[in-house]
Amino acid sequence: MGIFQRIFQKEDLERYLQKDSHFERTLSAVDLIALGIGAVIGTGIFILPGTVAATKAGPGIILSFVLAAIVCAVAAMCYAEFASVLPIAGSAYSYGNIVYGEMIGWIIGWALVLEYVLAVATVAVGWAAYFNSFIAGFGLKLPKAITGSFDPAHGTYINVVAILIVCLIAWIIDTGLKTSIRLNNIIVVVKLAIIVLFLLVGSFYVKPSNWTPFAPFGGMGILKGAAVVFFAYLGFDAVSSSAAEVKNAKRNMPIGIIGTLVICTVFYILVSGVLTGMVSYKQLNVDDAVAFALQLVHQNFVAGIISIGALAGMFTMMVTMIYSSSRLLYSIGRDGLLPQFLGKIDKHHAPKNAMLTVTIVISILGGLIPLDQLANLVNIGTLIAFAFVSFGILLLRRNPKLNQIKGFRVPFYPVLPIISGLLCLFMMTQLSAETWLASLAWFVLGLLIYFGYGIRHSRMNKADDET
């Protein structure tokens, strides 16, 4: 088989289903929605509505969230169709292997590794900062040397709390999926209850005059706001990584993905409306906009509870992303594109080796390396996957074998998938030159790994060579 045939060789769905048959299908639609909300609603809901309103959209931030939700909804429907028709582990990586071929699948998988690992490492650092601030309220303080990344000039050597929280979550997931999902569901309920508390308390202090002018920066301000808050929705795609462990995936996967987006959109709009109604948008360019607004109206106790909500939000986000990244790494190892020990399942039906590897990598990033400049790479990794999934619907529908499988279908085909893909490409053009250069380096490294190791160890190509 020639090199061109090898890199565009497509995986067979039946072979994937057989490889993933060791997983237990235990997740319900409610579990999926909880996973999705856990990933999407994090600290962003307490920060983004304020900063974007102050600098770009004013009270029109409400429309910014609606526009961003529309963009995400189209991509979400594309994910839902893939997850319904192809109920396999690996999310967009596995979908890419089936409809595009192995090399494109690898590129998508490499982009998702970038998204998941950096997202968790970044949030782990944020969780550690909130935790240190929280215990300071009780007069407790950790030694400075263990509270930050390796930076001897500023007296920090390792972020112990960031490492410990990652290890704790990985251990919880590894002890059993049912237990970790149950815990995640409980914390998601707590997080949403805290947001509802803010809405109830804050609504008593809303002044309609604060919503005037509604769009002080004009229509372009609302559009620019949408481009920024778009990233507040990222994470719903991680739900599709769990497809091999979902009961009745054809029904529950679309409910989980689309349900996540609908619920998150409602909460983002309500928080934005109450926040900009409580305080003039001009005052909201702060790191803790929700707590700041509550303090202005002398609700300091509720403001303190919000910090617990932020910790809960980041915790559930890390649960979903660590879980998803371990399943992604398992999928790539399962196919031989990375060392095959990553693709092994233990007696508890979990990818223990993949989980251990993910935990070590995230711990090193979160504990030792400053991540400020890397955060935008999360966005480009996500958008690349979104674009491939959106355009991939066209190939999925043209495949006679796959098109016969009953499941969710994106409406207004082929218009919506094409619009979704083009919107993702447009969003990518809004990212900085530094982000593009850093991502280029990441993908060059990925291609070197693929052509240096993956293509020679690919189980798909080996199977075809033997037949």
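Since this is a predicted model, take the numbers as computed values, not measurements.

**Some details on the overall build of the protein chain**
Helix and strand content of the protein chain: 19 helices and zero strands. The C-alpha radius of gyration of the protein chain comes to 22 Å, within 12% of the 23 Å expected for a compact globule of 467 residues. Overall, the C-alpha framework of the protein chain stretches about 75 × 50 × 40 Å when taken along its three principal axes. Within the protein chain, the proportion of its 467 residues that are buried is 58%. Taking the contacts inside the protein chain whose residues are at least 6 apart along the sequence as the reference set, 82% of them involve residues at least 24 apart. Of the roughly 18900 Å² that the protein chain leaves accessible, carbon and sulfur atoms contribute 69%. Charge centroids of the protein chain, computed over 30 positive and 22 negative side chains, lie 5 Å from each other.

**Structural notes on a nonpolar patch on the surface**
Together, Phe150, Tyr157, Leu356, Ile360, Ile364, Leu368 and Ile369 give the surface a local cluster of nonpolar side chains, amounting to about 640 Å² of exposed area. Within the element layout of this structure, Leu356 appears in helix H14 (residues 352-368). The class for Leu356 is exposed, based on a relative accessible area of 51%.

**Concerning the packing of aromatic side chains**
Counting across every chain of the model gives 13 aromatic pairs. Centre to centre, the rings of Tyr450 and Phe451 are 5.0 Å apart; their planes meet at 75°, and the pair counts as edge-to-face. What makes Phe451 partly exposed here is its relative accessible area of 38%. Each member of the aromatic cluster is reached from another via a ring pair, and the members are Trp106, Trp110, Trp442, Tyr450 and Phe451. Above the face of the Tyr413 ring, Arg397 is positioned so that its terminal group lies 4.3 Å from the ring centre.

**Topic: the packing of helix H5 (residues 61-85) against helix H6 (residues 91-99)**
Viewed as axis vectors pointing N to C, H5 and H6 meet at an angle of 70°, and their least axial separation amounts to 11 Å. Accordingly, the angle class assigned to the pair H5 and H6 is roughly perpendicular. In this structure, H5 uses Tyr79, Phe82 and Ala83 to contact H6, whose residues at the interface are Ser91, Ala92, Tyr95 and Val99. Residue composition of the contact of H5 with H6, grouped by class: six nonpolar, one polar and no charged.

**Details of the pattern of salt bridges**
All told, the structure shown has three salt bridges when counted by the stated rule. Between Glu81 and Arg397 there is a salt bridge, with its nearest N and O atoms 2.7 Å apart. A residue pair is termed long-range when its members are at least 10 positions apart, and Glu81 in helix H5 and Arg397 in helix H15 (residues 375-398) qualify at 316 residues. Here Arg397 falls in the buried class, since its relative accessible area comes to 16%. In this structure, Arg334 engages Asp335 in a salt bridge whose closest nitrogen and oxygen atoms are separated by 3.2 Å. For the pair Arg334 and Asp335, one class covers both residues: buried.

**Observations regarding the side chain of Asn132**
As for its position among the elements, Asn132 is in helix H7 (residues 102-136). For Asn132, a relative accessible area of 19% gives the class buried. If we skip the residues at most four places from it in the chain, Asn132 touches Leu142, Thr147 and Val161.

**As for H6**
Within H6, nine of the nine residues are buried, leaving the element largely enclosed by the surrounding structure. Among the residues of H6, Ser91, Ala92, Tyr93, Ser94, Tyr95, Gly96, Asn97, Ile98 and Val99 are the ones counted as buried. Looking one or two places after H6, you find Gly101, whose phi comes out positive at around 120°.

**Quick look at the environment of Ala193**
By secondary structure assignment, the location of Ala193 is in helix H9 (residues 177-203). Spatially, the C-alpha atoms of Ala193 and Gly309 are 8.7 Å apart, while their sequence positions differ by 116 residues.

**Quick word on the nonpolar core**
Among soluble globular proteins, nonpolar side chains are generally buried collectively. By size, the foremost hydrophobic cluster in this structure holds 161 residues, and its most contacted members are Leu86, Phe198, Phe236, Met318 and Ile322. It is H7 that provides the largest number of residues to this core, a total of 20 residues. Ignoring anything within four residues of it in the chain, the contact list for Phe236 reads Val40, Cys72, Ala75, Ala76, Tyr79, Ile257, Thr260, Leu261 and Phe386.

**Notes on helix H13 (residues 300-334)**
Helical geometry note: an α-helix holds 3.6 residues per turn, so side chains three or four residues apart project in the same direction. End to end, H13 covers 51 Å across 35 residues, agreeing with the expected 51 Å (1.5 Å per residue, within 8%). Among the 35 residues that make up H13, 30 are buried, leaving the element largely enclosed by the rest of the structure. Count one or two residues on from H13 and you reach Gly336, which has phi positive near 85°.

**Digging into unusual backbone geometry**
Most of the time, phi is negative for any residue but glycine, and the peptide bond is trans. In this structure, Pro213 follows Thr212 across a cis peptide bond, with omega equal to -5°. Among the secondary structure elements, Pro213 is positioned in the loop between H9 and helix H10 (218-229). In this chain, Tyr413 is followed by Pro414 through a cis amide linkage whose omega measures 0°. Positive phi values are uncommon outside glycine, yet Asn248 reaches one of about 50°.

Conventions adopted
- Residues numbered from 1 in each chain as written.
- Predicted model: local features only at pLDDT ≥ 70, side-chain atom pairs only at ≥ 80, totals over all residues.
- Heavy atoms only, no water.
- Helix = DSSP H or I, 4+ residues; strand = E, 2+ residues; numbered from the N terminus.
- Rg over C-alpha atoms; globule rule 2.2 N^0.38 Å.
- Buried < 20%, exposed > 50% of the residue type's maximum accessible area, 1.4 Å probe, protein only.
- Contact = heavy atoms within 4.5 Å.
- Areas by Shrake-Rupley, 256 points an atom, 1.4 Å probe, with all protein chains shown as cover.
- Lys, Arg positive; Asp, Glu negative; His and termini not counted.
- Charge placed at Lys NZ, Arg CZ, Asp CG, Glu CD.
- Patch = residues over 30% accessible without salt bridge, like charges linked within 9 Å, V, L, I, M, F, W, Y side chains within 5 Å.
- Salt bridge = Lys/Arg side-chain N within 4 Å of Asp/Glu carboxyl O.
- Phe/Tyr/Trp six-rings, centres within 6.5 Å; stacked < 30°, edge-to-face > 60°.
- Lys NZ or Arg CZ within 6 Å of the ring centre and 35° of its normal.
- Axes fitted to C-alpha atoms, helices over the stretch in contact; angles between N-to-C directions.
- Parallel < 35°, antiparallel > 145°, perpendicular 65-115°, else oblique.
- Nonpolar A, V, L, I, M, F, W, Y, C, P; charged D, E, K, R; others polar.
- Core = buried A, V, L, I, M, F, W, Y, C linked by side-chain atoms within 4.5 Å.
- Expected span 1.5 Å × (residues − 1).

On their own, these measurements won't tell you what the molecule is for.
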